[in-house]
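These are the residues of each chain, in order.
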Amino acid sequence: MPKKNQMQIQFASSSINEGFARVAISSFISQLDPTIEELYDIKMAVSEAVTNCIIHGYSNKEDGLITIRCAYEERTVEIEVVDEGKGIPNVDDAMTALYTTSLEEERAGLGFTVMQSMMDEVEVFSQMGKGTSVKMKRSLAV
């Protein structure tokens, strides 16, 4: 069995880095020769997770760090997006479509719904005052 390939990046919680996160993930998994649709889905899911870190985890403050870990083995990609922000009080509520805590901003509350529709698995772990980890998995076509 081939050895699992992996990478990790860390960057400031600035919205300008959303594009960087998409490009970094895209470059890393392009070694697997995914379809255009698979690549698009994974980039969108990562973008939503990073946006959640920036908007909700760090309240748009640019002094936080976001870590992305990505690994693949054979044709299965695993991605983890982590912040050390304020955490989610109720993960079940947060994963409900149209739920948002950003009432002062126009937010659709669809971030986790988008992630779930584009990935095979999405798990969210959060602890108040310590941050949130979003783990996503996607198997690519052969």
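Below or above, wherever it landed, is the structure these notes cover. (Residues numbered from 1 in each chain as written. Predicted model: local features only at pLDDT ≥ 70, side-chain atom pairs only at ≥ 80, totals over all residues. Heavy atoms only, no water.)

Moving on, we come to the pairing of strand β3 (residues 76-83). With respect to burial, β3 is a largely interior element, 6 of its 8 residues being buried. The pairing of strand β2 (residues 65-73) with β3 spans 8 bridges and is classified as antiparallel. When the bridges of β3 are listed, I66 appears paired with D83. Turn length for the β2-β3 hairpin, with the two strands adjacent in sequence and antiparallel, is 2 residues, and the turn residue E74 shows positive phi of about 55°. Relative to strand β5 (residues 131-139), β3 runs antiparallel, the two being bridged by 8 bridges. For V82, the partnering residue across the bridge sits in β5 and is S133. (Buried < 20%, exposed > 50% of the residue type's maximum accessible area, 1.4 Å probe, protein only. Helix = DSSP H or I, 4+ residues; strand = E, 2+ residues; numbered from the N terminus. Pairing = 2+ DSSP bridges.)

It is worth spelling out the layout of surface pockets at this point. Taken as a whole, the second largest pocket encloses approximately 180 Å³ of empty space. Contributing to the lining of the second largest pocket are K4, R69, C70, A71, E78, I79, E80, E121, E123, K135, M136 and K137. Listing elements by their share of the lining of the second largest pocket, those giving two or more residues are β2, β3, β4 (121-127) and β5. Per-class residue counts for the lining of the second largest pocket are 4 nonpolar, no polar and 8 charged. (1 Å grid on protein atoms, 1.4 Å probe; cavity = no way out; pocket = protein on both sides within 12 Å on 5 of 7 lines; lining within 4 Å. Points joined across faces, edges and corners; volume = space filled by probe spheres on them. Nonpolar A, V, L, I, M, F, W, Y, C, P; charged D, E, K, R; others polar.)

Attention now goes to the sheet that holds strand β1 (residues 5-12). By way of backbone hydrogen bonds, the strands of a sheet pair with one another, either parallel or antiparallel. With antiparallel pairing, the 5 strands of this open sheet are ordered in space as β1-β2-β3-β5-β4. Every interior strand has two partners, whereas the edge strands, β1 and β4, have only one. Taking the axes of each pair of neighbouring strands and ignoring which way they run, one obtains an average angle of 10° across the sheet. Set on the sheet, helix α1 (residues 17-29) makes contact with β1, β2 and β3; between it and β1 the angle comes to about 170°. In this fold helix α2 (residues 36-57) packs onto β1, β2, β3 and β5, with an angle of close to 15° to the strand it touches most, β3. (Axes fitted to C-alpha atoms, helices over the stretch in contact; angles between N-to-C directions. Contact = heavy atoms within 4.5 Å.)

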